[in-house]
Amino acid sequence: MLPYIVIPVRPFDQGKSRMASSLSVAERVALNQRFFTHVLSIACRTLPPSQCLVVSRSAVVLDQANAVGALAIAETYHNLNAALSQASDIAESLGVGRILALSTDLPLLTQSELVEMFTIKADVVIAPDAGDMGTNALLLARPGLIPYRYGKDSFSAHCASAEAAGLKVSIFKRPGLAHDMDTPADLQFMH
């Protein structure tokens, strides 16, 4: 069974709203476009594009995914966890093995980090943000193994779900996976 990467993407004009005080809407659209292009490119170099799923309610995002050969999924919900569950259900129907949910706001992400993450033998592999609060990447041994629990303190929520299910958990910390972009202060990581 093949591994897959799932990338959930908000419409570019809706992402990074916490940066609205520092960036105009046009600047946030450009930033979100840049993030998505970078992460999708890394994903499609790590696995064949046909094993990369992009879930979004934005036609622009879905068209860009289709253009590189990724599987574009029109999001039915307006909630990250529901969108990931929707993509996971589709992946499961395709006979997917390991499935990696990957954030888009990772400007320092490298292909070698994703390749290394896929080599870890655990039921659940979690890449937290730099503050060990959020989850920037979540690799499950199979779709639906634990529920997606993105939101406040998602790192500890995902750890708790995995431990409650008696699953083997591995915490994976690498710079490109840790440095996400949530606040204006995070813009210092852009290069």
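About the thresholds
Residues numbered from 1 in each chain as written. Predicted model: local features only at pLDDT ≥ 70, side-chain atom pairs only at ≥ 80, totals over all residues. Heavy atoms only, no water. Helix = DSSP H or I, 4+ residues; strand = E, 2+ residues; numbered from the N terminus. Buried < 20%, exposed > 50% of the residue type's maximum accessible area, 1.4 Å probe, protein only. Contact = heavy atoms within 4.5 Å. Pairing = 2+ DSSP bridges. Phe/Tyr/Trp six-rings, centres within 6.5 Å; stacked < 30°, edge-to-face > 60°. Axes fitted to C-alpha atoms, helices over the stretch in contact; angles between N-to-C directions. Salt bridge = Lys/Arg side-chain N within 4 Å of Asp/Glu carboxyl O.

Asks: Sorry, what's going on with the overall build of the chain here?
Replies: For the chain, the count of helices and strands is 6 helices and 7 strands. Going from N to C terminus, the chain has its helices and strands arranged as β-α-β-α-β-α-β-α-β-β-α-β-α. Burial statistics for the chain: of 191 residues in total, 52% are counted as buried. A separation of at least 24 residues holds for 63% of the contacts in the chain among residues at least 6 apart in sequence.

Asks: Can you walk me through the pairing of strand β6 (residues 135-140) in this structure?
Replies: Consecutive residues of a regular strand have side chains that alternate between opposite faces of the sheet. Buried residues dominate β6, accounting for 6 of its 6 residues. Judged from the 4 bridges that link them, strand β4 (residues 99-102) and β6 form a sheet pairing that is antiparallel. If you follow Ala 101 over to β6, its bridge partner there is Leu 138. Bridge count between strand β5 (residues 124-128) and β6: 5 bridges; the pairing is antiparallel. By the bridge assignment, Ala 127 is partnered in β6 with Ala 137. A loop of 6 residues connects β5 with β6, the two strands running antiparallel in sequence, and Asp 132 in this loop sits at a positive phi of about 55°.

Asks: Mind showing me how you'd approach the packing of aromatic side chains here?
Replies: Aromatic ring pairs: the centre-centre distance and the angle between the two ring planes describe each pair. Tallied over the entire structure, the rule returns 2 aromatic pairs. When the ring of Tyr 148 is compared with that of Tyr 150, the centres are 6.4 Å apart and the planes differ by 25°; the resulting orientation is stacked. The same class applies to Tyr 148 and to Tyr 150, which are both buried.

Asks: Before we go on, may I ask you to explain the sheet that holds β5 in this structure?
Replies: Working definition: the strands of a sheet are paired by backbone hydrogen bonds and lie parallel or antiparallel to each other. Within the open sheet, the 7 strands sit side by side as β3-β2-β1-β4-β6-β5-β7. Their pairing is mixed. The strands lining the two open edges of the sheet, one partner per strand, are β3 (71-74) and β7 (169-171). When the angles between neighbouring strand axes are averaged without regard to direction, this sheet yields 20°. Summarising the sheet, strand β2 (residues 52-56) and β3 pair through 4 bridges and their orientation is parallel. Note on β3: the bridge partner recorded for Leu 53 is Leu 71. Sheet contacts for helix α3 (residues 80-93): β1 (4-9), β2, β3 and β4; angle to β2, the most-contacted strand, approximately 140°.

Asks: In this structure, what is going on with the pattern of salt bridges? I would like to understand it.
Replies: Scanning all chains against the criterion turns up 4 salt bridges. A salt bridge links Glu 116 to Arg 174; its shortest N-O distance comes to 2.5 Å. A residue pair is termed long-range when its members are at least 10 positions apart, and Glu 116 in helix α4 (residues 111-119) and Arg 174 in the loop between β7 and α6 (175-178) qualify at 58 residues. Taking relative accessible area as the criterion, Glu 116 reaches 32% and is therefore assigned partly exposed. Since its relative accessible area comes to 28%, Arg 174 is described here as partly exposed. When the shortest N-O distance is used, the salt bridge between Asp 153 and Lys 152 registers 4.0 Å.

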